Amino acid sequence: RERVLIGHADDVEDFCFLPDGLGASVSRDRRILVWNLATGSIVRVLDGHTRDVLSVCADRGRLYSSGDDSTLRVWDIASGRLIHVFGPFETETDTCAIDARRGRVVLGCDDGCLRVFDVDSGALVRVIEAHGAGIKKVACSPIDGAIVSAAYDQDIHVWDGRSLERRLS
């Protein structure tokens, strides 16, 4: 059955599927909307970002969002409560991804760095000087935790999920 999700007031930048028939979208309207995909209704509005929200991902009952306010925010999906804020960093945070296998969240920043955090402790695992320009997209392999980063420098790099060393460029 086809649904059109209507509710954002500006460009929609990203979407992720959530358990229990839900989905989450982020927008340049600075909001995160959690949707009931069966009905198309908005279940919850998550406010807190102070600028455009560009990326969203989820794992283990938590939603991760990043954007132009130079933060990575962690939300409880069930309640909508803000759990933690990483940053603000010195540059915008355009993209985030989950390495569920290792319990890490990877943040791609406009300074060309990848920042890897432990999702349970919130500890910074490593900063990787990955690109000569801002990172536009990161993704993590569900198989081995490999990280792919794509940036404005027109390069795509693959990072080993275990060692976090560059595997391919």
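Before reading on, note that the structure itself is shown above.
Residues numbered from 1 in each chain as written. Predicted model: local features only at pLDDT ≥ 70, side-chain atom pairs only at ≥ 80, totals over all residues. Heavy atoms only, no water.

(A) Seen up close, the side chain of Arg-31. Here Arg-31 lies in strand E3 (residues 31-36). Polar side-chain contacts of Arg-31 include one of 2.6 Å to the backbone oxygen of Gly-7. Discounting residues that sit within four places of it in the chain, Arg-31 has contacts with Gly-7, His-8, Ala-9, Ser-25, Val-26, Val-45, Leu-46, Asp-47 and Val-53. (Helix = DSSP H or I, 4+ residues; strand = E, 2+ residues; numbered from the N terminus. Polar contact = N/O pair within 3.5 Å; in protein donor to acceptor, adjacent residues only side chain to side chain. Contact = heavy atoms within 4.5 Å.)

(B) Examining the pattern of salt bridges more closely. A full pass over the atoms with the stated rule returns 14 salt bridges. With a shortest N-O distance of 3.5 Å, Asp-59 and Arg-60 are connected by a salt bridge. The exposure class of Asp-59 is partly exposed, given its relative accessible area of 21%. The exposure class of Arg-60 is exposed, given its relative accessible area of 53%. (Salt bridge = Lys/Arg side-chain N within 4 Å of Asp/Glu carboxyl O. Buried < 20%, exposed > 50% of the residue type's maximum accessible area, 1.4 Å probe, protein only.)

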